[in-house]
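Chain residues, written in single-letter form:
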Amino acid sequence: MITVEGLSKRYGRHDAVKDLSFSVPDAAVTGFLGPNGSGKSTTMRCALGLDRPTAGRALFDGQEFASVADKTAVAGALLEATWFTPGRSGRSHLKVLARGAGIPDSRVEACLDLVGLGAVGDKRVGGYSLGMKQRLGLAGALLGDPAHLILDEPVNGLDPEGVSWMRRTIRALAAEGRSVLVSSHLLSEMQLTADRLVVIGKGRMIGEYSMEEFLAGGSRVQVETVDTRGAKTLTESLHGAGFEVAAGDGTHLTVSIPDGADEAAVRRAVAELALTTRTPVTALGVEHDNLESRFLAATSEAQEYRTGGN
Ligand SMILES: Nc1ncnc2c1ncn2[C@@H]1O[C@H](COP(=O)(O)OP(=O)(O)OP(=O)(O)O)[C@@H](O)[C@H]1O
């Protein structure tokens, strides 16, 4: 387990992260989410001792990384600015890392195969695509067969097949018992990859949740009627039955499903009211919040950089 305790990092007068506390349990994938500039990379660097926190600490099974003897067996990291010598081959890059850490060359071959670079291991890293570099970075992180993994934007630059491969690999690495902390801006992908979420904004904690908890509630029945008269009639009868209804564009209704309510029962109740009020309906279905809509709602106050007009 990785435990982050009251971590703060100040650059000059700017708090990059402030009093972050969360945990990254074993045998699970913990997604690390936050808008651009919210402090994810800073937190990861501080946890790994690559940056010195202004306050607080990160513990790997109770020990600070700086005081761990066998670092490669404790934590492996894939960070955004992973540096490669362009003229060196992927295999030779890993061999240099492995020798520095007293890891046998046989492990280099195993890691190259694991990330699917076995056939191109002798090619110069300078000729690798961004996706291949991400794979090589992951191979480097896995050399010491670490108990904990810290991955900053690992799907960055991967094509759809690569993204799906990375998801399966990350999940398999966690299933072997590792704790995995992974950041990504690809929220639909994160929804499929992570078991838990740590959400931050402007360097502060927003919350720590199971994926289920984060996505809970937030579902509604969407109804489309043929005309505005029907929509009005149905809205009135839904109100009469105690439902919360938001009107859409005249023929569209959104009926909230209360937290903990049986979705199918609410959908049936809406359909029955449409029938009893003789309201012709062209569409009726349940819609769920996804990670993206939940994330945007959770971090709306904490967006450091916004797109013009939004
Ligand atoms: N070395 C540094 N010196 C000064 N400020 C820094 C430094 N590193 C990061 N920052 C600032 O700290 C804040 C957090 O940056 P960080 O890169 O950790 O965010 P992030 O959540 O990883 O962002 P992104 O999602 O864009 O990668 C930002 O305001 C950034 O400008």
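Residues numbered from 1 in each chain as written. Predicted model: local features only at pLDDT ≥ 70, side-chain atom pairs only at ≥ 80, totals over all residues. Heavy atoms only, no water.

## Overview of the overall build of the protein
This is how it is decided: The helix and strand labels rest on DSSP assignments: H or I over at least four residues marks a helix, E over at least two residues marks a strand, and numbering proceeds from the N terminus. Think of it in three bands: residues with accessible area under 20% of the maximum for their type are buried, residues over 50% are exposed, and the middle band is partly exposed, with areas taken using a 1.4 Å probe on protein chains only. In this analysis, two residues are considered to be in contact whenever any of their non-hydrogen atoms come within 4.5 Å of each other.
When you go through the protein residue by residue, the secondary structure sums to 11 helices and 14 strands. Expressed along its principal axes, the backbone C-alpha trace of the protein runs to roughly 75 × 45 × 40 Å. Counting only residues that meet the buried cut, the protein has 45% of its 310 residues in that class. Residue pairs in contact within the protein that sit at least 24 positions apart in sequence constitute 69% of those at least 6 positions apart.

## Description of the site of the ligand
Here is the rule we go by: Near, as used in this document, describes a residue that has one of its heavy atoms within 4 Å of the molecule or strand being considered. We call two N or O atoms a polar contact when they sit within 3.5 Å, provided that within protein one can donate a hydrogen and the other can accept it, with sequence-adjacent residues counted only if both atoms are side-chain atoms. Accessibility throughout is a Shrake-Rupley quantity obtained with a 1.4 Å probe, and a residue counts as covered only by protein chains that appear here.
The environment of the ligand is made up of 15 residues, and the closest members are Asn-36, Gly-37, Lys-40, Ser-41 and Thr-42. Within the backbone of Ser-38, an N or O atom sits 3.1 Å from an oxygen atom of the ligand. One of the side-chain N or O atoms of Lys-40 is found 2.7 Å from an oxygen atom in the ligand. In isolation the ligand has 640 Å² of accessible area, and contact with the protein removes 66% of it. If you list the elements that add at least two residues to the shell around the ligand, you get β2 (14-24) and α1 (40-47). Ranked by the residues each element gives to the shell around the ligand, the list is headed by α1, at four residues.

## Regarding the domain arrangement of the protein
Formally: Residue ranges labeled as domains rest on an automatic or database domain assignment.
Assigned domains of the protein: these are domain 1 (2-215) and domain 2 (219-288). For domain 1 versus domain 2, the separation of C-alpha centres amounts to 45 Å.

## Focus: the pattern of salt bridges
What counts here: Whenever Lys or Arg places a side-chain nitrogen within 4 Å of a carboxyl oxygen from Asp or Glu, that contact is recorded as a salt bridge.
Inspection of every chain in the model, using the stated rule, returns 16 salt bridges. Salt-bridge contacts for Arg-167 lead to Glu-189; the nearest nitrogen and oxygen are separated by 2.7 Å. Of this pair, Arg-167 sits in helix α6 (residues 160-175) while Glu-189 sits in helix α7 (residues 187-193), and the two are 22 residues apart along the sequence. For Arg-167, a relative accessible area of 22% gives the class partly exposed. In this structure, the salt-bridge partner of Glu-236 is Lys-232, at a minimum N-O distance of 3.5 Å. Taken together, the residues Glu-236 and Lys-232, both in helix α9 (residues 228-240) and four residues apart, mark about one turn of the helix. The class of Lys-232 is exposed, set by a relative accessible area of 55%. Salt bridges sharing common partners tie together Arg-220, Glu-287, Asp-289 and Arg-294.

## Let's talk about the packing of helix α3 (residues 90-100) against helix α4 (residues 105-114)
Formally: Lines are fitted to the C-alpha atoms to define the axes, a helix being fitted only along its stretch in contact, and any angle between axes, read from their N-to-C directions, falls within 0 to 180 degrees. In what follows, roughly perpendicular refers to angles from 65 to 115 degrees, roughly parallel to angles under 35, roughly antiparallel to angles over 145, and oblique to any angle outside these ranges. In this scheme the handedness of a crossing depends on how the near helix is turned from the far one: anticlockwise by less than a right angle means left-handed, clockwise means right-handed. In the scheme used here, Gly and all other residues not listed as nonpolar or charged are polar, with Ala, Val, Leu, Ile, Met, Phe, Trp, Tyr, Cys and Pro taken as nonpolar and Asp, Glu, Lys and Arg as charged.
Contact pair α3 / α4: the axes reach a minimum separation of 9 Å and the direction vectors enclose 135°. On the basis of their axis angle, the class for α3 and α4 is oblique. The crossing of α3 and α4 is right-handed. When α3 is examined against α4, the residues Arg-91, Leu-94, Lys-95, Ala-98 and Arg-99 are found in contact with a partner set consisting of Asp-105, Val-108, Glu-109 and Leu-112. The residue inventory of the contact of α3 with α4, partitioned by class, reads four nonpolar, no polar and five charged.

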